[in-house]
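Letter by letter, the chains look like this.
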Amino acid sequence: MARTGRLRERLRWSKLYSFSCVRPSGPLDNEASYSLQGCSRIVYCNQPRVHRKKPLKYPTNYISTTRYNVITFLPKAIFEQFRRVANLYFLLAAILSLTPVTPFSAVSMIAPLAFVVGLSMAKEALEDWRRFMQDMEVNSRKVSIHKGDGRFGYKHWQKIRVGDVVKVEKDQFFPADLLLLSSSYEDGICYVETMNLDGETNLKVKRCLEVTLPLDDDEAFKDFGAVIRCEDPNPNLYTFVGNFEYERQVYPLDPTQILLRDSKLRNTSYVYGVVIFTGHDSKVMQNATKSPSKRSKIEKKMDKIIYILFTLLVLISLISSIGFAVKTKFGMPKWWYLQPQNTTNLYDPSKATLAGIFHLVTALILYGYLIPISLYVSIEVVKVLQAMFINQDLHMYDEETGIPAQARTSNLNEELGQVDTILSDKTGTLTCNQMDFLKCSIAGVSYGVGSSEVEMAAAKQMASEASNAPEQLSSSQDFWEDSGGGFGSSEIELESGINCTVEKPQKPRIKGFSFADDRLMHGNWTKEPNAGTILLFFRILALCHTAIPELNEETGGFTYEAESPDEGAFLVTAREFGFEFCKRTQSSVFVRERYSSSENPVEREFKILNLLEFNSKRKRMSVIVRDESGQINLLCKGADRQYLFHEPSSVIFERLSKNGRMYENDTSKHLNEYGEAGLRTLALAYRVLEESEYSAWNTEFIKAKTTIGPDREAQLERVSDMIERDLFLVGATAVEDKLQKGVPQCIDKLAQAGLKIWVLTGDKMETAINIGFACSLLRQGMKQICISTMNSDLVTRDAKKAAKENILMQITNATQMVKLERDPHAAFALIIDGKTLSHALEDDMKNQFLSLAVGCASVICCRVSPKQKALVTRLVKEGTGKTTLAIGDGANDVGMIQEADIGVGISGVEGMQAVMASDFSIAQFRFLERLLVVHGHWCYKRIAQMICYFFYKNIAFGLTLFYFEAYTGFSGQSVYDDWYMLLFNVILTSLPVISLGVFEQDVSSEVCLQFPALYQQGPKNLFFDWYRIFGWMGNGLYSSLIIFFLNINIFYDQAFRAGGQTADMAAVGTTMFTCIIWAVNMQIALTMSHFTWIQHLFVWGSIATWYVFLVAYGMSSPLISGNAYQILLEALGPAPLYWVVTLLVTASCNIPYLAHISFQRALNPLDHHVIQEIKYYKKDLEDQRMWKRERSKARQETKIGFTARVDAKIRHLKGKLQKKSSTFSIQMAS
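Bear in mind the structure is a predicted one, so any value in this text is a computation, not a measurement.

Comments concerning the overall build of the protein
Then step 1. Looking only at helices and strands, the protein features 36 helices and 37 strands.
Then step 2. In the protein, buried positions account for 58% of the 1230 residues.
Then step 3. When the accessible surface of the protein is split by element, carbon and sulfur atoms take 56% of a total near 51400 Å².

Shown next, in the form of structure tokens:
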């Protein structure tokens, strides 16, 4: 291949970049040899076969995120099933059923267990198969690999080996960790997007070693050979240590030459690289944690209930065995008809103790109905059906991408209703990486009449308050959407006749540009008093950047490949104002300037002398240019504030000269207003340089730039700081960071539901803060606590100790400040970076850090690695003991998604790694609101009620067996026919409880969203606390007593048939069983709040099924039905007593529960009880004011979200109005 790919790209970017793109001038000498202690990895480039054999034998590039494989599935899945206490008990009972002491046949014990376990394992296998198919989709991607003799061909990712030379083309993902050898740019520069790794969307510049630059086409690799000695696989994304041995020279390697798996090649036609780490050795996979086996809190608590029931089972079995031993010893010799002298060990009076032990085993099996074997399989069925409803919810279907919500595992449905803390990624999760230029301040004058989302929400809320019709934000009401086209205005008349008008711009036609103000548009800026300053403002936008223009041949216009979305928005803005950046050469930038729409553009050349790029320490960017008149200008843009410890300080303002502060006060005021509106801001400044001053500085700068050593960046920082002084303020920009659709509303709703939200991002602090403002996790007036590490020149050990002490002091002081705060409206936000977090997460400090974080309204962790995300998630999960949910969209979020109790992946455009590791996936963040507030609330309540009901019905049924056995001298006799007992859990009571778990709704989905505080019933565990659990157990105990003793006492000594016959055991048992079927089904009918035809069919159909079965069973041969032959048609049916007892017992069992819920609804109603009553009497339609008042009560008091922000804005505006009113009154009085 020839070098045609480099025609457009003959820019030697290393001449421009100062901080990150300067390569050492030559190989290492012996004195400066690179230390490679602990680094044993050897890579033979272009010789992949060498690495397949020992002693190297590096892994393949195949990856797997599944929980099982063909070999481990059976043992691991069986282990998972028998972690459940009930399954373990039934396994023991199934084994004992093979012995003579069992009261039931072996098949009747083994078959249900095999069915339950088999069904659960099949579900696990299906879910893991889906993960396997997604893994295969990644492993089957193709990339061009050197096959030998300078020929390249495509191979699957999974077949890549260490040492392979690969060619990656524009917009492709890197298939493994690579060493960059060359690129389509002449000097080996390439642009990489690491969004999947660290969440940052700005492009990173990578560059190859100068010695590998000639390897620029396929043929060049025909005889290529080199050796790489480097560090072993590790999870550190930002470090790399190694040497490159080529042509008998040794060259040092650093992170700027490494291309990491799952990052993407941008703005570069192609790169060549050699594979260093493959598969699970790659850094992104090293950051991944093993796919955990997650269980919900309800399921764990269910195990404790099983323990209680098992204890009860053992207790009554002991009572039964002791009673049997006593009866055998003292009663058996008198019962001559049992032939006590000719019996087995099971009934031998001389071995009563042994007989009692054997009877203990019999009793343990007989009373096994106390522990419901069908509970687990019923829950599995219910959860699968719940997951189907989640998957098919059209309100969570994204029409743009065609992606529905997906419950990838159904084990955690109920956990969705108990979430306390959400830990969210930023980039791609909250934001869609689109910046829109909205406002600006130039020469102390604010321009831009458009309104941000925050301003429009506040204006509409104040308008509704002014009209005495307060409305709260809801899912159905969008405060930032106007039905009118063009420019709409909200005019609010406040107290004393003061009007406030907020303009809303039309939906922007141009991506990145939402500005509207006729004073600057269409060349009108030339008529402004400070036209010269405005001209300079536009030129700074057009010149101070590192973007590349690309001509769109279809439209004839330019698009810009920028390192960050901000830069792209600034260039589009400059173009719309008539300053179009059109060309870049090695030394110049060309701008077409048009001062009015009637003029022809003039192309001006600005020579680039130096470029001081932006980084997280500098928080500013400068470019030194020479214009056509020969004047040298330094143009600078930077953050208007940075946060050091607790106090904000300005980056640009502190560098202004005395004469350059003319517009400082006005600009500061505008910056604060923009911040209140949720916009991200930058300040712009300039300085004119004398030729002699520049020459002297440039000499120092070149010296620092070519320095090789650990202090190179510090020297560059010092020299840059020398020239970025005595600046003149020009103005400021305000850009709206476009969040994903519905993110502010979703966060607001989740905050009203009482959820805490943390943001964990790999982005820089100022970007994270701006996003925090945009989505209302932060707001003006919120006190920001910024924890950061101090700079120290001490030796390493002392520096670390001093840094830890300093961080601990900051945390302690901040905690004290939060505790001493008395203002009820005060809110704190904790902001911490990854370096500081590495100390804060250590064992001796993490509890103090967590205590501070929990006390803050919002927490933002920035510059964090994937591993730190997982560690923070673990700290919150284990430290608070509450349910955590992690949500993200990239490979860098996999760790926290797997570590959290619930992991939610967003199926965005940047790969599917997060989705593959998640428990639930959604297309956009906004769908999280419905997933939690609606489905989470429903699933929690359904599962909780279903489990409680299951234990109730099994206790009510199982204890009657114990009572009868005690009544019959602990004989081990069951009062019920074997078929009755088999059908009880399988058919007669299973479908109603499944319908409860699938269809039950205390309130509709619309009401759930209108009353978000209902969600708190889950985190507070109102429906599955021990009070409610023991209440249901007590109800089961009461029902069992009523069912048994009423039946026994009524049937004991009187005739029940017309012929005067008394009841035998079959008649009593069948009547008791009929009472149980009626009682438990009536109980579930009373429990349900929402009936569909399916529930009616299942509840009343179960009762009807019992009678149909009884008729059919009675009509079968006596060899099959035994004592139940024609029992309903001939014995029980004609007897009025049978029907009277059924009615009496059913009513007696359910009247106490009916009285309880009536008392509760009348005197101590829960939130959903009140709403149900309002909806039933249609008060929501008849009395709108009452309905709105109830809705306003139904939100948790919160200090984050749009509602809290609007409230704060209203308090601020009302305060200003009160001041104006008081001033006006004083003036009138005087």
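Remarks on the pattern of salt bridges
Then step 1. Taken as a whole, this structure holds 42 salt bridges when the rule is applied.
Then step 2. Of the charged contacts, one joins Arg131 and Asp128 as a salt bridge, the two residues approaching to 2.9 Å between their closest N and O atoms. Residue Arg131 and its partner Asp128 are located together in helix α3 (residues 106-139), separated by three residues, close to a single helical turn.
Then step 3. The salt bridge involving Glu580 is made with Arg592; its shortest N-O contact spans 4.0 Å. Taken together, the residues span a long stretch of sequence, with Glu580 in strand β22 (residues 579-584) and Arg592 in strand β23 (residues 588-593) at a distance of twelve residues.
Then step 4. For Glu580, a relative accessible area of 17% translates into the label buried.
Then step 5. Exposure remark for Arg592: the relative accessible area of 31% places this residue in the partly exposed category.
Then step 6. A network of salt bridges, in which partner residues are shared, links Arg620, Glu654, Arg655, Glu717, Asp721, Glu724 and Arg725.

What about the sheet that holds strand β34 (residues 858-862)?
Then step 1. Pairing within the open sheet is mixed, and its nine strands lie in the order β14-β37-β36-β35-β15-β31-β34-β33-β32. Each having just a single partner strand, β14 (406-407) and β32 (783-787) make up the two edges of the open sheet.
Then step 2. Sheet topology places strand β33 (residues 828-833) next to β34; five bridges connect them, and they run parallel. Paired with Leu830 across the bridge in β34 is Val859.
Then step 3. Sitting on the sheet, helix α19 (residues 846-854) touches β31 (756-760), β32, β33 and β34, and the angle it makes with β33 is about 140 degrees.
Then step 4. Sitting on the sheet, helix α20 (residues 866-880) touches β15 (419-424), β31 and β35 (883-888), and the angle it makes with β31 is about 160 degrees.

A few points about the nonpolar core
Then step 1. Counting residues in hydrophobic clusters, the biggest one holds 105 residues, and the most contacted among them are Ile947, Tyr976, Tyr980, Phe1024, Phe1073 and Trp1106.
Then step 2. By residue number, the principal contributor to this core is helix α23 (residues 927-967), which donates 17 residues.
Then step 3. One finds Phe437, Phe513, Leu543 and Val591 within the second-largest nonpolar core, a separate group that totals 72 residues.

As for the side chain of Thr884
Then step 1. Tracing the backbone through its elements, the reader meets Thr884 in strand β35.
Then step 2. When its relative accessible area of 1% is taken as the criterion, Thr884 is described as buried.
Then step 3. Aside from chain neighbours lying at most four places away, what touches Thr884 is Thr421, Leu423, Thr873, Val876, Lys877, Ala900, Asp901 and Ile902.

So, a nonpolar patch on the surface
Then step 1. Side chains of Leu318, Ile322, Val326 and Phe330 sit close together on the surface and give an oily, nonpolar patch of about 390 Å² of accessible area.
Then step 2. Examined against the element boundaries, Val326 turns out to sit in helix α6 (residues 297-330).

A few points about the UniProt feature "active site" (unreviewed entry) in the protein
Then step 1. Feature annotation in UniProt assigns "active site" (unreviewed entry) to the following positions: Asp425.
Then step 2. Along the polypeptide, Asp425 turns up in the loop between β15 and β16 (431-442).

A short note on the sheet that holds strand β9 (residues 242-246)
Then step 1. Spatially, β1-β8-β9-β10 is the arrangement adopted by the four strands of the open sheet, whose pairing is antiparallel. Because the sheet does not close on itself, it has two edges, and the strands there are β1 (41-44) and β10 (249-253). Along the sheet, successive strands turn relative to each other by an average axial angle of 20 degrees, direction set aside.
Then step 2. Where β9 meets β10, five bridges bridge the pair, whose relative direction is antiparallel. Within the sheet, the bridge partner assigned to Tyr246 lies in β10 and is Gln249.

Conventions adopted
Residues numbered from 1 in each chain as written. Predicted model: local features only at pLDDT ≥ 70, side-chain atom pairs only at ≥ 80, totals over all residues. Heavy atoms only, no water. Helix = DSSP H or I, 4+ residues; strand = E, 2+ residues; numbered from the N terminus. Buried < 20%, exposed > 50% of the residue type's maximum accessible area, 1.4 Å probe, protein only. Areas by Shrake-Rupley, 256 points an atom, 1.4 Å probe, with all protein chains shown as cover. Salt bridge = Lys/Arg side-chain N within 4 Å of Asp/Glu carboxyl O. Pairing = 2+ DSSP bridges. Contact = heavy atoms within 4.5 Å. Axes fitted to C-alpha atoms, helices over the stretch in contact; angles between N-to-C directions. Core = buried A, V, L, I, M, F, W, Y, C linked by side-chain atoms within 4.5 Å. Patch = residues over 30% accessible without salt bridge, like charges linked within 9 Å, V, L, I, M, F, W, Y side chains within 5 Å. UniProt positions renumbered as here; feature names shortened; annotations may be inferred.

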